[in-house]
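Fold and geometry: a report
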Amino acid sequence: MRKDRKHNQLREVIIKTDFMENALGSCLIEHGNTKVICSVSMDNNVPRWLKGSGKGWITAEYAMLPTSTHTRSERESTRGKLSGRTQEIQRLIGRSLRNVCNLDILNEKLLKVDCDVLSADGGTRTASINGAWVALKLATSRLIKDQSLRYQPVISGLTAVSCGILNNKVLIDLNYEEDSNAEADANFVFNSKKEIVEIQCTGEKKSISESLFFEMYKNSKEAVTKIFEVQKNALSLHEKK
């Protein structure tokens, strides 16, 4: 099946913090050949419906650079609108981050998370979530340090992984070739308590049996534990700088 790793084995995950000099918090995350820059900035203008509430907000933007894939893709900004896929991924990242944060602590601050894909080899949305959480934690820690926030709004870890079925075999962390040929694929998002934040699951070429779905869930739950360790180590190393 796989020549380079076992069916339940992740690609190597590498996180480099402070990748963007001018960001409030940032990192470059790599899942094998998938590479995403995640950065956070702050705005004091929350959405209209939150003005006067004391609550803050977290939103995300996602983009693939033109040469992130084998053939150059046009920038969506030149087309004048975002694709449905891009909007879906942005909303997924934003929802996931807000799920593990106490927005009351943000005190009407808007944190914007940008996820820019440098290289796309499958799993860009899950890599974006993993990197976005690290960048957000760096940003909020910095805001606490300069006394812009009193407490840490990030109340849990956040980790995501892609999973799929190929030739009736469950695979974790699919690359592009595997993903494009998969009979079914899913994205699992967990908090650090192993509770489900979100599951996206689709039978692309055939339906998914109950037994295979639970195998996908089990393997994904085990995989995110390893990713969370990489996230924590990246933050720990950053603190020691």
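This text follows the structure it describes.
Anyway, here's the lowdown on the structure attached to this text. Going along each chain's sequence as written, the residues are numbered from 1 onward. At least 70 in pLDDT is required for a residue's local features to be given in this predicted model, at least 80 for side-chain atom pairs to be given and counted, and no such filter applies to totals for whole chains, interfaces and linings, which use all residues. Heavy atoms from the whole structure form the basis of all side-chain values; hydrogens and water molecules are not counted.

Turning our eyes to something else, we now look at the layout of surface pockets. Taken as a whole, the largest pocket encloses approximately 520 Å³ of empty space. Around the largest pocket sit 26 residues that line it, and R85, G122, G123, T124 and D179 are the ones nearest its centre. Each residue is assigned to one class: nonpolar for Ala, Val, Leu, Ile, Met, Phe, Trp, Tyr, Cys and Pro, charged for Asp, Glu, Lys and Arg, and polar for all the others, Gly among them. Partitioning the lining of the largest pocket into residue classes produces eight nonpolar, 11 polar and seven charged. Each pocket or cavity is described by its volume, and for the second largest pocket that value is around 410 Å³. Along the wall of the second largest pocket there are 16 residues; nearest its centre are D18, L138, S141, R142 and H238. Grid spacing is 1 Å over the protein atoms alone, the probe is 1.4 Å, and a cavity is where that probe fits but cannot get out, while a pocket is an open set with protein on both sides within 12 Å along at least five of seven lines and lining residues have an atom within 4 Å of a point. Grid points are joined across faces, edges and corners, and a volume is the space filled by probe spheres set on the points.

This part covers the side chain of S39. Under the DSSP-based scheme used, a helix requires at least four consecutive residues in state H or I and a strand at least two consecutive residues in state E, with every element numbered from the N terminus. Tracing the chain through its elements places S39 in strand 3 (residues 34-43). Residue contacts are counted whenever heavy atoms from the two residues lie within 4.5 Å of one another. Filtering out sequence-adjacent residues up to four positions away, S39 remains in contact with M20, A23, G25, S26, K112, V113, D114 and A135.

Here we take up the packing of helix 2 (residues 84-99) against helix 3 (residues 124-145). The convention used is that axes are lines fitted to C-alpha atoms, helices contributing only their stretch in contact, and that angles between N-to-C directions extend from 0 to 180 degrees. Direction vectors running N to C along helix 2 and helix 3 enclose 40 degrees, while the axes themselves pass 10 Å from each other. Classed by the angle they form, the pair helix 2 and helix 3 counts as oblique. Crossing angle aside, the handedness with which helix 2 passes helix 3 is right-handed. Residue-level inspection shows R85, E88, I89, L92, I93, S96 and L97 of helix 2 in contact with helix 3, the latter providing T124, R125, S128, I129, A132, W133 and L136. When grouped by side-chain class, the residues that make up the contact of helix 2 with helix 3 number eight nonpolar, three polar and three charged. Angle categories are assigned with fixed cut-offs, so that under 35 degrees is roughly parallel, over 145 is roughly antiparallel, 65 to 115 is roughly perpendicular, and the rest are oblique. A crossing counts as left-handed when the near helix is turned anticlockwise from the far one by less than a right angle, and as right-handed when that turn is clockwise.

Below, the discussion takes up the environment of L235. Locating L235 in the fold gives a position in helix 5 (residues 210-239). Partly exposed describes any residue whose relative accessible area lies between the buried limit of under 20% and the exposed limit of over 50%, with all areas from a 1.4 Å probe on protein chains only and scaled to the type maximum. On the basis of relative accessible area, L235 is assigned to the buried category, the value being 11%. Along the backbone, L235 and E204 are 31 residues apart, and their C-alpha atoms lie at a distance of 37 Å. When sequence neighbours within four positions are dropped, the list of residues in contact with L235 reads W133, V134, K137 and L138.

With that settled, consider unusual backbone geometry. Phi is positive for N168, which is not a glycine, with a value near 65 degrees. Among the secondary structure elements, N168 is positioned in the loop between strand 6 (158-166) and strand 7 (169-172). Residue classification places N168 among the partly exposed residues on the basis of a relative accessible area of 47%. Phi at K194 is positive, roughly 70 degrees, even though this residue is not glycine. The topology assignment puts K194 in the loop between strand 8 (184-191) and strand 9 (196-202). What makes K194 partly exposed here is its relative accessible area of 32%.

Right, let's get into the sheet that holds strand 1 (residues 13-17). Strands are labelled as partners when DSSP assigns at least two bridges between them. If you trace the five strands from one edge of the open sheet to the other, you get 1-2-3-5-4, paired in mixed fashion. Two strands in the sheet have a free side with no partner beyond their single neighbour: strand 1 and strand 4 (57-64). Here the strands of the sheet are splayed against their neighbours by 20 degrees on average, with no regard to which way each runs. Pairing between strand 4 and strand 5 (residues 110-119): eight bridges, direction parallel. By the bridge assignment, M64 is partnered in strand 5 with V117. Against the sheet, helix 2 makes contact with strand 4 and strand 5, and its axis sits at roughly 145 degrees relative to strand 4, the strand it touches most.

Looking now at the packing of aromatic side chains. Aromatic rings from Phe, Tyr and Trp, with only the six-membered ring used for Trp, were paired whenever their centres fell within 6.5 Å, and each pair was classed as stacked if the ring planes differed by under 30 degrees, edge-to-face if by over 60, and tilted otherwise. Scanning the model with the defined rule gives seven aromatic pairs in all. Aromatic side chains F213 and F214 sit 5.7 Å apart centroid to centroid with 75 degrees between the ring planes, which places their arrangement in the edge-to-face category.

Any link to function would need more than the numbers given here.
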